[in-house]
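Notes for the structure review
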Amino acid sequence: MEFDDRYRQVQRPKYECLLFDLDDTLYPLSTGIATACLKNIKDYMVDKLGIDKSKIPDLCNLLYKNYGTTMAGLRGIGYDFDYDEYHSFVHGRLPYENLKPDPVLRKRLLSLPYRKVIFTNADKVHAAKALSRLGIEDCFEGIICFETLNPTHKSTVSDDEDDVEFVGLCNTPDIPATNTSASTEIFDIIGHFARPDLGLALPKSPIVCKPSVDAIEKALKIAKINPQRTLFFEDSVRNIQAGKRVGLHTVLVGSSQRVKGADFALESIHNIREAIPELLEDDMKSEVAYSGKVAVETSVTA
Ligand SMILES: [Mg+2]
């Protein structure tokens with residue numbers, strides 16, 4: 001038994017990287033940020049895109065369900081808008097004052113001897129602001145955000161991965177917005193789902209985001225992350241399931257009910273060590289090692 005413990009100590013740790021979603025994962029849903037964000041998205045659709053108010057709830061549901069984010073869906077069905085303007089409208093008026101410094105989380109993160117990377121569908125301004133409000137902005141090696149996966153504006157998203165950089169705080173080159181798509185043809189997604197027998201395919205969105213497997217694979221490639229040796233923390237069940245499909249170890253945050261695709265479930269990110277049994281084993285091992293040492297010394301002096 002002692003032998004086994006010693007042997008296991010020289011084995012490499014199971015994980016080398018912790019990958020974190022940001023919103024509703026590193027802070028709780030009760031902050032009201034998500035609710036305010038959804039309201040801003042709906043306001044943007046009415047005020048800026050001129051969509052009929054009565055269609056908003058159905059449209060939001062369908063776009064979110066089928067495209068990953070409402071924003072990706074809006075682009076998919078043919079709306080054209082500036083990504084930065086969208087983000088500043090949707091995130092600019094969020095109640096950031098509800099995000100308070102979290103010294104407990106900060107201490108826990110800093111105690112974990114792994115690479116730590118943020119992976120969010122949000123833009124870099126929001127990510128930086130939220131992390132800094134929580135007082136944990138320096139706990140991560142980098143941020144994979146909207147701009148990382150969508151480095152160019154509009155419908156001219158580049159396939160050339162050489163021009164994608166994973167830098168400290170997701171610095172991306174400033175590429176001027178270009179008005180490439182002047183299309184006014186909007187795909188009727190509500191009608192589409194009301195008549196599923198027509199067999200029409202949904203138009204594709206140029207926006208890359210979770211939970212698409214492509215988005216997750218692209219993120220892992222950019223940050224040079226091996227999914228088999230990474231724990232992925234997320235509050236979204238479908239993102240957890242997509243993460244599982246690409247081989248990540250998964251931790252559902254915000255609920256203690258484990259769902260299909262989740263290896264662990266944590267009510268709060270504060271319980272993070274519970275999702276990393278090897279750390280708990282290490283804690284126990286150091287206790288075992290200590291008592292073992294005492295035992296040896298005793299036998300020598302005996
Ligand atoms: Mg989230």
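Structure's up top.
Residues numbered from 1 in each chain as written. Predicted model: local features only at pLDDT ≥ 70, side-chain atom pairs only at ≥ 80, totals over all residues.

1. Thoughts on unusual backbone geometry
Inclusion rule: A run of DSSP states H or I qualifies as a helix once it reaches four residues; a run of E qualifies as a strand once it reaches two. Both are numbered from the N-terminal end. Any residue whose C-beta has 12 or fewer other C-beta atoms within 10 Å is treated as exposed, any with 20 or more as buried, and any in between as partly exposed, C-beta atoms being built from the backbone.
P211 follows K210 through a cis peptide bond whose omega is 10°. Inspection of the secondary structure assignment puts P211 in the loop between α9 (189-194) and α10 (213-222). In this structure, D24 takes a positive phi of about 65° despite not being glycine. Tracing the backbone shows D24 in the loop between β1 (17-20) and α2 (33-47). One non-glycine residue with positive phi stands out, namely K224, at about 55°. Using a count of 10 C-beta atoms within 10 Å as the deciding quantity, one classes K224 as exposed.

2. Re the nonpolar core
For the record, the criterion: A set of buried Ala, Val, Leu, Ile, Met, Phe, Trp, Tyr and Cys residues, joined through C-beta atoms within 7 Å, is what we mean by a nonpolar core. It is the C-beta atoms, placed from the backbone, that decide contacts: two residues are in contact if theirs lie within 7 Å.
Core analysis: the largest hydrophobic core is formed by 66 residues, its most contacted members being L19, V117, I118, I144, A219, F233 and V251. Excluding anything up to four places from it in sequence, A219 contacts F119, I144 and L149.

3. Some words on helix α11 (residues 237-245)
Convention followed: The directions from the helix axis to the C-beta atoms are what the arc is built from.
Within the span of α11, buried status applies to N239, I240, A242 and G243. Looking straight down α11, one finds its buried side chains confined to an arc of 165°; they lie on one side. Each element contacted by the buried residues of α11 is listed here: α10, β4 (230-234) and β5 (249-253). Two residues or fewer after α11 comes G247, characterised by a positive phi angle close to 100°.

4. Comments concerning the sheet that holds strand β2 (residues 115-119)
Note the threshold: By definition, two strands form a pair when at least two bridges between them are found by DSSP. Convention adopted: a line fitted to C-alpha atoms gives each axis, helices being fitted over their contacting stretch, and angles between N-to-C directions are expressed from 0 to 180 degrees.
The six strands are arranged β3-β2-β1-β4-β5-β6 in an open sheet whose pairing can be described as parallel. This sheet does not close on itself; its edge strands, each paired only once, are β3 (142-144) and β6 (264-266). Each neighbouring strand pair of the sheet contributes to a mean axis angle of 25°, computed without reference to strand direction. Where β2 meets β3, three bridges bridge the pair, whose relative direction is parallel. Looking at β3, one finds that V117 is bridged to G142.

5. Topic: the packing of α2 against helix α5 (residues 83-92)
Counted only if it meets this: Every angle not falling under 35 degrees, over 145, or within 65 to 115 is termed oblique; those three ranges are roughly parallel, roughly antiparallel and roughly perpendicular. Whether a crossing is left-handed or right-handed is set by the direction in which the near helix is turned from the far one by less than a right angle, anticlockwise for left-handed and clockwise for right-handed. Think of it as three bins: nonpolar holds Ala, Val, Leu, Ile, Met, Phe, Trp, Tyr, Cys and Pro, charged holds Asp, Glu, Lys and Arg, and polar takes everything else, Gly as well.
Relative orientation of the contacting elements α2 and α5 amounts to 135°, with a least axis distance of 8 Å. Taken together, the axes of α2 and α5 are oblique relative to one another. Between α2 and α5 lies a crossing of right-handed hand. Across from C37, N40, I41 and Y44 in α2, the residues of α5 making contact are Y86, F89 and V90. Grouping the amino acids of the contact of α2 with α5 by side-chain chemistry returns six nonpolar, one polar and no charged.

6. Quick notes on the environment of S132
Tracing the backbone through its elements, the reader meets S132 in helix α7 (residues 124-134). The exposure class assigned to S132 is partly exposed, which follows from the 14 C-beta atoms found within 10 Å. For the pair S132 and K100, spaced 32 residues apart in sequence, the C-alpha separation works out to 9.4 Å.

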